[in-house]
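Results of the structural survey
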Amino acid sequence: MIIFSTFLKVIKKNLFTIILYTAILLIVSVINLQSTDPVTDFSAEKPGICLVNHDPDSALSKGLEAFLQKQTDLQTSEEAGSAEEDALFYRKIAAIVIIPEHYGADVMAGKSSDIILKTSGTASSSFVKMMLDRYVRAQQAYVSTGLEEEKVVSSVERSLESRINVRITSQKDAAASSQISFYFNFASYSMMACIVFIVCLVMSSFNNTNIRKRSIVASMSNRRYTTSLLLACSTYSFVVWIFFSAVSYCLIGAPMLSASGALSIVNALVFSFTTLSLSYMLSTLIREKEAVTVIANVLSLGSAFLCGAFVPSSMLPDGVLIGAHALPSYWYIHFNERLRDLEEVNLETVLPLMNDMVVLFLFGLVFIGLSVVISAKKRQMQSFE
Amino acid sequence: MFLHEFIASLKLLLRKKPLVFWTIAFPLVMGCLFHLAFANIESGEVFDKVSLGVVNDAGFQKEMILKESLKSLSEGDDAIFDITYCTLEEANAALDEGTISGYVQCQEDSVDLFIRKNGIEETITSSVLEEIQADGVIITELSTEKIKAQILKGNFALDFSGLIEEITHDFLETPTHVREVTNPHMSYTMIEFYSLIAMSCLYSSMLSMTLINYKMANLSAVGKRSTVSPASRLAGLTGTLAASFLVQVIGLALLFSLLIFAFRVNFGDHLGHVVLLSLTGSAAGLALGIAVSVLFKVGENMKITILISLTMAGCFFAGMMGIETKYVIDTTVPALNLVNPVAMITDGLYALYYYDTFERFFFDLISIGIFTVIMLAVSLVGLRRQSYDHF
């Protein structure tokens, strides 16, 4: 009980840090986890664009605006100011389209009048360029036949009507799987920071020479002391896991009750066990309390960046991913990403994924083994002293 | 007195290992992590060839325009598609394995595109296929009009295939009046490195906080001694702050060297402005450290926790943990940026990189200056109110 109450005191003292890590997870999740309905029909991606129309009265520019309205997520503006430029830089829009003054009259008169397209160089920007080229080419072709302005617009509109059927073969709710994967991948950072920080801090307090001496001469047996300490650390990690699992349900909702959700929660449980073992091993090495903050930050941030918690692992360089194999977070995230990509979740499809969880668990066992060896060596050294 | 305080403070700062870690080593570690994690992120968003399957059956062989268009769209450096001609079974298997993003099958009266999910590659594929169909319609209409016009002129000896070929060539090869302009400074991962510079500037607060603690009689024995000593307090304080600033500048110089020479981070064309902003940001950090040291009546560890938490929260809102966060704050709660020095420094560096003008940069620079003055004024008020038991 004394150990548990000491544990609670340390948590209470560092509650602010725990809240900070949790708040970061919550805010990032709320920003990124926008709820979407299951998608089983084709819906074309609509890149966001900003249209600055300096020739709002001509039929040609009105026709182009109507086309862009249909094909893109269009917003209009009087000028391309810093708000629009910022949106382009941060990829909130794919392009800024500027229709010049007297565009309609100039095109009808056969004069060159360029539409300015400011892009961010992304695939969505390339798509906007393709669409714009397609419309303007058709417009130029009909103008060359000598048709009137309104006729040109109606002919272009008619010629660009869709004539192909697009069918989706998968019936899977891809949005929900991505949300679960995103949340649990990011949670690896918060969970690791919370567990490593607190467990190492508590253990460094108990490993303090004076406290250690006092506990040796206390009436409590060494076995009971160690068991209570381990139990307190395990209970704390378990509570952290329960908390983050509960938060996942609050943020994602019903998809968490699916098989994918349950497997992600189980994977998180194994991860919390491995992180606890890692923290226990580190606490046998760390003596100074100041070093705990350093280790907790470097370890949690390093693992998160190198294993794909912050940036999808598909976007990480191959060399980084090979190196990341040596970190437990890699196997945890690898499981989540493979689970996300499954077309159907059943025993047959999930079994091949379980090797990630097994490796993650083995990491935990290795850390425990190493902490036993390090502690034994330390005791041996102390007895020589 | 100034020199004595300066040297003593310098020794003291450099001997504190956790302090050296947070102010010098931690930004360098973060810089390395950012470089490793973000090396590929932007190349992944650029348009690459779409892997497309085509069911090569009798139906496809009949669609001459589609066949020729797909062939031309999969050739050359600016090819849109990487096409695999296959059977229906092979196409289905490749789609399930994810080696193609979709496949085309020609039916009696329509062209069908089969995909596995919605996405930009799938949308581009569908759009290009629609374009091919639309081009066919337009070329047919243009050819009909031209033939009609020739017949009305009494020209009956027409070379139909030559005419259609000419119209097709004119239609597809005539350049469109769309001029694409792309700012060369569009690398949005720069925000991560800029927020890192800002974080490093703000971590100087720990240096000043540590040294000010040594000046406070209620916190340390050294503080008691220096408070009762007849030495000039102003000279002592300036010596202390100069030492903090020097250590901070060394840390910043190391960080800039790593980012510029090893990782080739682009700070735009105005390095002088970047240095000015970073030094002002460091001064803001020092002022923040003094304010926290004076205003919070807690132990040194708690003060470090407060400073790290404040800086990390500032980094979060400035986009370090997700670039999008900065944009969300800029557009929805811009007032938050007026009290967040990390955001001011990050935004100032962004303005230098992305914009040709200096208005936004100077706004950020002045904002940091005002923040520094407020912090110093608050500290001064706090220091003036401090009194110890008099005998």
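Residues numbered from 1 in each chain as written. Chains lettered and ligands numbered in written order. Predicted model: local features only at pLDDT ≥ 70, side-chain atom pairs only at ≥ 80, totals over all residues. Heavy atoms only, no water.

Residues and elements named next belong to chain B. For the pair helix α12 (residues 271-295) and helix α16 (residues 341-354), interaxial distance at closest approach is 10 Å and the crossing angle is 175°. On the basis of the axis angle, α12 is roughly antiparallel to α16. On α16, the residues that touch His273, Val274, Leu277 and Gly281 of α12 are Ile345, Gly348, Leu349 and Leu352. A per-class count over the contact of α12 with α16 returns five nonpolar, three polar and no charged. (Axes fitted to C-alpha atoms, helices over the stretch in contact; angles between N-to-C directions. Helix = DSSP H or I, 4+ residues; strand = E, 2+ residues; numbered from the N terminus. Parallel < 35°, antiparallel > 145°, perpendicular 65-115°, else oblique. Contact = heavy atoms within 4.5 Å. Nonpolar A, V, L, I, M, F, W, Y, C, P; charged D, E, K, R; others polar.)

As a further point, take the packing of aromatic side chains. Under the criterion given, the structure shown has 41 aromatic pairs over all chains. Where Tyr90 of chain A meets Tyr327 of chain B, the ring centres are 5.5 Å apart and the plane angle is 40°; that geometry is what we call tilted. Remark: Tyr327 of chain B occurs in helix α14 (residues 323-332) and Tyr90 of chain A occurs in the loop between α4 (82-89) and β3 (95-99); the pair is interchain, linking two chains. Residue class for Tyr327 of chain B comes out buried when judged on its relative accessible area of 14%. Site record: aromatic cluster; members linked through ring pairs are Phe89 and Tyr90 of chain A together with Tyr194, Phe256, Phe267, Tyr327, Tyr350, Tyr353, Tyr354 and Tyr355 of chain B. (Phe/Tyr/Trp six-rings, centres within 6.5 Å; stacked < 30°, edge-to-face > 60°. Buried < 20%, exposed > 50% of the residue type's maximum accessible area, 1.4 Å probe, protein only.)

Our next topic: the interface of chain B and chain A. On the side of chain A, 79 residues touch chain B, which itself brings 77 residues to the contact. Buried surface at the junction of chain B and chain A, both sides included, amounts to about 7,600 Å², of which 65% is carbon and sulfur. Considering only the surface of chain B that becomes buried against chain A, Asn118, His177 and Tyr327 of chain B emerge as the three largest contributors, covering 9% of it. Connecting chain B to chain A are nine salt bridges. Between Glu343 of chain A and Arg116 of chain B there is a salt bridge; the shortest N-O distance is 2.7 Å. Elements with a contribution of two residues or more to the side of chain B that touches chain A: α2 (17-38), β4 (111-115), α6 (120-152), α7 (160-173), β5 (178-182), α13 (300-317), α14 and α16 of chain B. With 15 residues, α6 of chain B is the largest single contributor of residues to the side of chain B that touches chain A. Here the residues of the side of chain B that touches chain A sort into 46 nonpolar, 18 polar and 13 charged. Taken together, the five bridges between strand β5 (residues 164-168) of chain A and β4 of chain B define a ladder with parallel strand orientation. Within the sheet, the bridge partner assigned to Arg167 of chain A lies in β4 of chain B and is Phe114 of chain B. (Buried area = accessible area lost by both parts, 1.4 Å probe. Salt bridge = Lys/Arg side-chain N within 4 Å of Asp/Glu carboxyl O. Pairing = 2+ DSSP bridges.)

A separate point is the environment of Asn165 of chain A. Relative to the assigned elements, Asn165 of chain A resides in strand β5. With a relative accessible area of 33%, Asn165 of chain A lands in the partly exposed category.

Residue and element names in this part refer to chain A. A rise of 1.5 Å per residue sets the reference length of helix α14 (residues 328-340), with its 13 residues, at 18 Å; its end C-alpha atoms lie 19 Å apart and thus fit the reference within 8%. Extensive coverage of α14 is indicated by the burial of 10 of its 13 residues. Within α14, the full set of buried residues consists of Pro328, Ser329, Tyr330, Trp331, Tyr332, Ile333, Phe335, Asn336, Glu337 and Leu339. (Expected span 1.5 Å × (residues − 1).)

Moving on: the state of the cysteines. This structure, assessed with the given rule, holds zero disulfides over all chains. Its sulfur unpaired, Cys307 of chain A is 16 Å from the next cysteine sulfur, which belongs to Cys32 of chain B. Overall, the relative accessible area of 1% leaves Cys307 of chain A in the buried class. (Disulfide = S-S within 2.5 Å.)

Along the polypeptide, Gly302 of chain A turns up in helix α12 (residues 289-307). Spatially, the C-alpha atoms of Gly302 of chain A and Ala324 of chain A are 9.8 Å apart, while their sequence positions differ by 22 residues. Leaving out residues up to four positions away in the same chain, Gly302 of chain A has contacts with Asn297 of chain A together with Leu33 of chain B.

Attention now moves to the pairing of β3 of chain A. Residues and elements named next belong to chain A. Judged by how many residues are buried, β3 sits mostly within the fold: five of five residues are covered. Residues Ala95, Val97 and Ile99 point to one face of β3 and Ile96 and Ile98 to the other, with burial holding for every one of them. Here five bridges tie strand β1 (residues 48-53) to β3, and the two strands are oriented parallel to one another. Residue pairing for β3: Cys50 is matched across the bridge by Ile96. Pairing of β3 with strand β4 (residues 115-119) involves four bridges; the strand directions are antiparallel. Bridge assignment links Ala95 to a residue of β4, and that residue is Thr119.

The figure often quoted for interface size is the accessible area lost as the parts come together. One can read the domain layout of chain B as domain 1 (2-40 + 189-385) and domain 2 (48-173). The centre of domain 1 of chain B, based on its C-alpha atoms, is set 59 Å off from the matching centre of domain 2 of chain B. (Domains from an automatic or database assignment.)

Judged by side-chain polarity, Leu295, Phe296, Phe362, Ile366, Ile370, Ile374 and Val378 of chain B come together as a nonpolar surface patch covering roughly 600 Å² of accessible area. Secondary-structure assignment places Ile374 of chain B in helix α17 (residues 359-385). (Patch = residues over 30% accessible without salt bridge, like charges linked within 9 Å, V, L, I, M, F, W, Y side chains within 5 Å. Areas by Shrake-Rupley, 256 points an atom, 1.4 Å probe, with all protein chains shown as cover.)

Quick look at the sheet that holds strand β1 (residues 50-55) of chain B now. If you walk across this open sheet you meet the five strands as β5(A)-β4(B)-β3(B)-β1(B)-β2(B), and the pairing is mixed. Strands with a single pairing partner mark the edges of an open sheet, and in this sheet they are β5 of chain A together with β2 (81-86) of chain B. Looking at each pair of strands side by side, their axes are set apart by 25° on average, direction ignored. Across six bridges, β1 of chain B lies against β2 of chain B in parallel orientation. Opposite Val55 of chain B, over in β2 of chain B, you have Cys86 of chain B as the bridge partner. This element, helix α4 (residues 64-73) of chain B, spans β1, β2, β3 (102-106) and β4 of chain B of the sheet and lies at about 130° to β2 of chain B.

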